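# An overview of the molecular structure
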Amino acid sequence: MSNLNWSVVVTTAPRKKPKLKTTVQSLKVAGWEDPIVFAEPGSPTCDATTHTSDFKLGVFHNWIRAAQHGLDSGADVVMTVQDDVWFHPDSKWFAEKSLWPENCGFFSLYTPLHYSIVQNKMKPWGIYPIYTKSLWGAMAMVWHPSVLQKVLNSERSKNWVGRRSTMKASEIEHKTNNPDTICNVDTFIGYCIRDMSRDMCYVNPSFVQHISEYSSIGGRGVQGKRSARFMVGSEGVPSAKDIPTQQKDFS
């Protein structure tokens, strides 16, 4: 029995063919018994404590709300989860065995294809930092509260409307005036962690699979880079106990 106190927060929004029930059930099977859902109006329902906003917050501000709840809980570890993933049953066991990777910003249990293969070569099994200009895939991120607090207190958090370098002035103005349209949570997180000079830590193979057939934002499914290529325990892939970890005291 673990002595760590976890706060697991799941963000959800209306989508075609929702997967929230599968996500929550897989969390419970893995050992996270009390995930808390933060829902936009009209979202799917599930067997978990749910906080539904009175009006649409949008992807970014709903994530901020969920993350703040995780911090306010006083938990030792916070995990932010999206509503269209499946967790391997050994996910919690492995995560606790791995806390914390050296210089950790966050530790992702989900690893998309392009973070496990670089220049046509598969990365070795284990935990490693990735380096990218624009982070992809904030599906299942494990946080030390002190780092997550810095993210939420950052200037980027106060002023985020998206990746400004790719946006026209009219789009920036629209999002500023309509905060429920702000998204790009993964990009935001990547920028914040780089600002702190911490690492974005991923594990190969992935312990989480992206299972949505339709995005709640763009309508895209999980083909190609939008899914994990190597899943723990699948054919030719080691089980959780055989994957190296880099556990260190948090600093």
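Preceding this paragraph is the structure being described.
The structure displayed is predicted, hence computed values, not measured ones.

## Concerning the sheet that holds strand S4 (residues 77–82)
With mixed pairing, the eight strands of this open sheet are ordered in space as S3-S2-S1-S4-S10-S6-S11-S9. Bordering the open sheet on either side are strand S3 (49–52) and strand S9 (126–130), each of which pairs with just one other strand. The average undirected angle you get between the axes of adjacent strands in this sheet is 25°. With four bridges joining them, strand S6 (residues 104–108) and strand S11 (residues 199–204) adopt parallel strand pairing. Along S11, the bridge assignment pairs Ser-108 with Tyr-202. Taken strand by strand, helix H1 (residues 20–30) contacts strand S1 (6–12), strand S2 (36–39) and S4, and its axis lies near 170° from that of S1. Contacting S1, S2, S3, S4 and strand S10 (140–143), helix H2 (residues 59–72) runs over the sheet at an angle of about 165° to S1.

## Digging into the packing of aromatic side chains
Throughout the structure, instances matching the rule amount to 13 aromatic pairs. A ring pair is formed by Trp-63 and Phe-188, whose centres lie 6.2 Å apart and whose planes are at 75°; its orientation type is edge-to-face. Highlighted residues: Trp-63 in helix H2 and Phe-188 in helix H8 (residues 185–195), separated in sequence by 125 residues. Residue class for Trp-63 comes out buried when judged on its relative accessible area of 6%. Plain terms: the ring middles of Trp-125 and Phe-230 are 5.8 Å apart, the flat faces sit at 80° to each other, and that makes the pair edge-to-face. Taken together, the positions of Trp-125 in the loop between strand S8 (121–122) and S9 and Phe-230 in the segment after strand S12 (208–210) put the pair 105 residues apart, joining distant regions of the chain. Residue class for Phe-230 comes out buried when judged on its relative accessible area of 13%.

## Quick look at the state of the cysteines
Applying the stated rule across the entire model yields zero disulfides. With no disulfide of its own, Cys-183 lies 15 Å from the sulfur of Cys-192, the closest cysteine sulfur. Among the cysteines around Cys-201, which has no disulfide bond, Cys-104 carries the closest sulfur, lying 4.3 Å off.

What counts, and at which threshold
- Residues take numbers from 1 onward in each chain, read along the sequence in its written order.
- This being a predicted model, a pLDDT of at least 70 is required before a residue's local features are given, and a value of 80 or more before pairs of side-chain atoms are given or counted; all residues contribute to the totals for chains, interfaces and linings.
- Excluding hydrogens and water, the side-chain values take into account all heavy atoms of the structure.
- At least two bridges found by DSSP between two strands is the condition for calling them paired.
- Think of it this way: any DSSP run of H or I at least four residues long counts as a helix, any run of E at least two long counts as a strand, and we number them from the N terminus.
- Every axis corresponds to a line fitted to the C-alpha atoms, with the helix fit spanning only the stretch in contact, and the corresponding angles, defined between N-to-C directions, vary from 0 to 180 degrees.
- Working rule for contacts: check all heavy atoms of both residues, and any pair within 4.5 Å makes them a contact.
- Paired rings are identified among Phe, Tyr and Trp, the last through its six-membered ring, by centres lying within 6.5 Å, and are further divided according to the angle between planes into stacked (under 30 degrees), edge-to-face (over 60) and tilted (the rest).
- Exposure is judged per residue with a 1.4 Å probe applied to protein chains only, and the accessible area is read against the type maximum: over 50% gives exposed, under 20% gives buried, and values in between give partly exposed.
- Pairs of cysteine sulfur atoms within 2.5 Å are what we label disulfides.

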